[in-house]
Amino acid sequence: MCGTDFSLGGTSIQLDGNRRIVMTGRCAILLYSKEEMQVRCGKLIVRVTGDGLELRTLDEDELSIIGLIAEVGFLTGEG
């Protein structure tokens, strides 16, 4: 499985192919559905779209989403 790691705004993000995304840092779920999830990590909002998305891990330090990931986008929480 191919993996990609990077950091944005104090959050570490790891993509494992198109089947799993792991965010390390203090994050909160803003939107949750099988087709789209939005997660706030500090001032950054991570938008994940796909099919059959599920929250696999949620604790103080890590959040992971599994499913068929089609797109990952990033927005700042600033106007």
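Attention here is on the structure that accompanies the text. Think of each chain on its own: its residues are numbered from 1, step by step along the sequence as written. pLDDT decides what is reported in this predicted model: residues at 70 or higher carry local features, side-chain atom pairs at 80 or more are listed and counted, and totals for whole chains, interfaces and linings draw on all residues regardless. With hydrogens and water set aside, each side-chain value is computed from the structure's full complement of heavy atoms.

1. Thoughts on the side chain of Thr49
Secondary structure elements are taken from DSSP: a helix is a run of H or I of four residues or more, a strand is a run of E of two residues or more, and numbering for both begins at the N terminus. Tracing the backbone shows Thr49 in strand E6 (residues 44-58). The buried label applies to any residue whose accessible area, calculated with a 1.4 Å probe on protein chains only, is under 20% of its type's maximum; exposed applies above 50%, and partly exposed to all values in between. Using a relative accessible area of 13% as the deciding quantity, one classes Thr49 as buried. Residue contacts are defined here by distance: any two heavy atoms, one from each residue, within 4.5 Å place the two residues in contact. Those residues in contact with Thr49 that lie beyond four places of it in its chain are Glu35, Glu36, Leu68, Ile69, Ala70 and Glu71.

2. Overview of the state of the cysteines
The definition used for a disulfide is geometric: two cysteine sulfur atoms within 2.5 Å. Using the criterion set out here, one finds one disulfide in the structure. Linked covalently through their sulfurs, Cys27 and Cys41 form a disulfide whose S-S length is 2.2 Å. Disulfide Cys27-Cys41: the torsion about the S-S bond is 110°, which places it as right-handed. Here Cys41 lies in strand E5 (residues 36-41) and Cys27 lies in strand E4 (residues 27-32), a separation of 14 residues in the sequence. Each of the two residues, Cys27 as well as Cys41, counts as buried.

3. A look at the environment of Leu30
Here Leu30 shows up in strand E4. Its relative accessible area of 45% is what places Leu30 among the partly exposed residues. The spacing of Leu30 and Ile45 is 15 residues in sequence and 8.7 Å in space, taken between C-alpha atoms. Not counting the four nearest positions on each side in its chain, Leu30 is found in contact with Gln38, Val39, Arg40 and Ile45.

4. Examining the nonpolar core
Soluble, globular proteins show a tendency: their nonpolar side chains are buried together. The set of buried Ala, Val, Leu, Ile, Met, Phe, Trp, Tyr and Cys residues whose side-chain atoms join them within 4.5 Å is what this entry labels a nonpolar core. In terms of nonpolar packing, the biggest core is built from 15 residues, with Ile21, Met23, Val39, Val48 and Ile65 touching the most fellow members. Elements that contribute at least two residues to this core include exactly strand E2 (11-16), strand E3 (20-24), E5, E6 and strand E7 (62-76). At four residues, the largest contribution of residues to this core is made by E6. Excluding residues that lie within four positions of it along the chain, Ile65 makes contacts with Arg19, Arg20, Ile21, Met23, Met37, Val39, Val48, Leu53, Glu54 and Leu55.

5. Topic: the pattern of salt bridges
Opposite charge on two side chains permits them to pair, given that their charged atoms come into close proximity. A pairing counts as a salt bridge when a side-chain nitrogen of Lys or Arg comes within 4 Å of a carboxyl oxygen of Asp or Glu. Taken as a whole, this structure holds two salt bridges when the rule is applied. Between Arg47 and Glu36 there is a salt bridge whose closest N-O contact spans 2.9 Å. Linking Arg47 in strand E6 with Glu36 in strand E5, this pair joins segments that are 11 residues apart in sequence. According to the relative accessible area criterion, Arg47 is partly exposed, its value standing at 31%.

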